[in-house]
Amino acid sequence: FYYLSCGIGAGIIQMIAQFISFYAIASEQIPGFGFGDIMTVAHNSEMVLNSWTTVGASGAIYGILLAFGMLFPEERIFIFPLPMPIKAKWFVALYAGLELVLGLGMPGDSVAHFAHLGGMLFGFLIIRYWRNSQGNGFNGGMYVNSQNIFSKMKSYWESHSKKSKKNFGWNNKETDWEYNSRKKE
């Protein structure tokens, strides 16, 4: 859910950024251009707008990066060119700042910088919502719910796998090592 939501949020923010960019370009080049003329100009500029299509998972990945920085802010990361480790919260803040600078200052570099920021923004909003929705801490929100879900999945899998092993006459106590040695013999 989190990954897909960050990806959808990244797409929404990128589309808004592209709309603003298109509006700025059109109002600069067409005298008397107004907000009401946008659909006419967009229809006539179909080839240009189709080249702006954004497809990818990088915005969702940036949402995952933000989640790591928010959930483990004091965790130290060792990045290759830096001679010392850096805390996760500073690493995420550095990446967000870099994306903002590149998004505002590098027109036409064919990287969806605002999609990256959109993934981070939606990830931030989701984590804040989960933290505040059930208790004051993260353990009261998403973590407990995901533990319940994973516990149910695990118990279902264990009960299902025991039934299937009994039906096929497999030895439940045999390890992989023992199975492989028995098959080899």
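Because the structure is predicted, anything quoted here is derived from the model rather than measured. (Residues numbered from 1 in each chain as written. Predicted model: local features only at pLDDT ≥ 70, side-chain atom pairs only at ≥ 80, totals over all residues. Heavy atoms only, no water.)

Asks: Whenever I open this one, the side chain of His-113 confuses me. Can you help?
Replies: Turning to its location among the elements, His-113 is positioned in helix α6 (residues 113–133). In this structure His-113 touches Gln-14, Glu-99, Leu-102 and Gly-103, once residues within four positions along its chain are discounted. (Helix = DSSP H or I, 4+ residues; strand = E, 2+ residues; numbered from the N terminus. Contact = heavy atoms within 4.5 Å.)

Asks: Looking at this structure, I do not really get a nonpolar patch on the surface. What am I missing?
Replies: Together, Tyr-3, Leu-4, Ile-8, Ile-12, Ile-16, Phe-19, Ile-20, Ile-61 and Ile-64 make up a nonpolar patch on the protein surface, roughly 850 Å² of accessible area in all. Contributing elements (two or more residues each) for the nonpolar patch: α1 (2–29) and α4 (58–71). It is α1 that contributes the most residues to the nonpolar patch, seven residues altogether. With respect to the helices and strands, the residue Ile-64 is situated in helix α4. (Patch = residues over 30% accessible without salt bridge, like charges linked within 9 Å, V, L, I, M, F, W, Y side chains within 5 Å. Areas by Shrake-Rupley, 256 points an atom, 1.4 Å probe, with all protein chains shown as cover. Salt bridge = Lys/Arg side-chain N within 4 Å of Asp/Glu carboxyl O.)

Asks: Sorry if this is basic, but what is going on with the nonpolar core here?
Replies: Counting 17 residues, the largest nonpolar core has Tyr-2 and Leu-66 as the members making the most contacts within it. Secondary structure elements with two or more residues in this core: α1, α4, α5 (88–105) and α6. If you tally residues by element for this core, the top one is α4, at six residues. Grouped together as the second largest cluster of nonpolar side chains are six residues, Phe-22, Phe-33, Ile-38 and Val-41 included. (Core = buried A, V, L, I, M, F, W, Y, C linked by side-chain atoms within 4.5 Å. Buried < 20%, exposed > 50% of the residue type's maximum accessible area, 1.4 Å probe, protein only.)

Asks: Help me out: how do you make sense of the packing of aromatic side chains in this one?
Replies: Both the distance between ring centres and the angle between the ring planes are used here to describe each pair of aromatic rings. Scanning the entire structure with this criterion turns up five aromatic pairs. Ring centres of Phe-68 and Phe-72 lie 5.5 Å apart, and the angle between their planes is 45°; this geometry places the pair in the tilted category. A relative accessible area of 32% means that Phe-68 is categorised as partly exposed. Grouping aromatic residues by their ring pairs yields a cluster made of Phe-1, Tyr-2 and Trp-130. (Phe/Tyr/Trp six-rings, centres within 6.5 Å; stacked < 30°, edge-to-face > 60°.)

Asks: Looking at this structure, I do not really get the packing of α1 against α6. What am I missing?
Replies: Each pair of packed helices can be summarised by the angle the axes make with each other and by the distance between the axes. The geometry of α1 relative to α6 is characterised by a closest axis approach of 7 Å and an angle of 135° between their N-to-C directions. One element, α1, and the other, α6, form an angle in the oblique class. Crossing hand, α1 versus α6: right-handed. The segment α1 lies against α6, with Tyr-2, Ser-5, Cys-6, Gly-9, Ala-10, Ile-13, Gln-14 and Ala-17 engaging His-113, Phe-114, Ala-115, Gly-118, Gly-119, Leu-121, Phe-122, Gly-123, Ile-126, Ile-127 and Trp-130. Looking at side-chain class alone, the contact of α1 with α6 contains twelve nonpolar, seven polar and no charged residues. (Axes fitted to C-alpha atoms, helices over the stretch in contact; angles between N-to-C directions. Parallel < 35°, antiparallel > 145°, perpendicular 65-115°, else oblique. Left-handed = near helix turned anticlockwise from the far one by under 90°. Nonpolar A, V, L, I, M, F, W, Y, C, P; charged D, E, K, R; others polar.)

Asks: Where do I start with the pattern of salt bridges in this structure?
Replies: When the charged atoms of two side chains with opposite charge come close together, those side chains can pair. Under the defined criterion, the tally for this structure stands at two salt bridges. A salt bridge links Glu-74 to Lys-87, with the shortest nitrogen-to-oxygen separation between them at 2.7 Å. Of this pair, Glu-74 sits in the loop between α4 and β1 (76–77) while Lys-87 sits in strand β2 (residues 86–87), and the two are 13 residues apart along the sequence. Taking the relative accessible area as the measure of exposure, Lys-87 reaches 24% and is therefore partly exposed. When the shortest N-O distance is used, the salt bridge between Lys-89 and Glu-74 registers 2.8 Å. Here Lys-89, found in helix α5, pairs with Glu-74, found in the loop between α4 and β1; they are 15 residues apart in sequence, far enough to count as distant. Under the relative-accessibility criterion, Lys-89 is labelled partly exposed at 31%.

Asks: Explain the confidence of the model for the protein to me, please; I cannot follow it from the model alone.
Replies: Note: predicted coordinates in regions of low pLDDT should not be interpreted at a detailed level. Looking at the protein, pLDDT values average 78 and 75% of them are 70 or higher. No element of the protein has a lower mean pLDDT than helix α7 (residues 142–168), which averages 60, and none a higher one than α4, which averages 92. When the criterion is pLDDT under 50, residues 136–144 qualifies, and its contacts beyond four places in sequence or with other chains add up to ten contacts. (pLDDT = per-residue confidence, 0-100.)

Asks: What's the story with the environment of Gly-119 in this structure? I'm lost.
Replies: Here Gly-119 is to be found in helix α6. In this structure Gly-119 comes out as buried when scored by relative accessible area, which is 0%. Sequence separation of Gly-119 and Leu-65 is 54 residues, and the distance between their C-alpha atoms is 9.5 Å. Non-local contacts of Gly-119, meaning those with residues more than four positions away in its chain, are made with Cys-6, Ala-10, Gly-59 and Gly-63.

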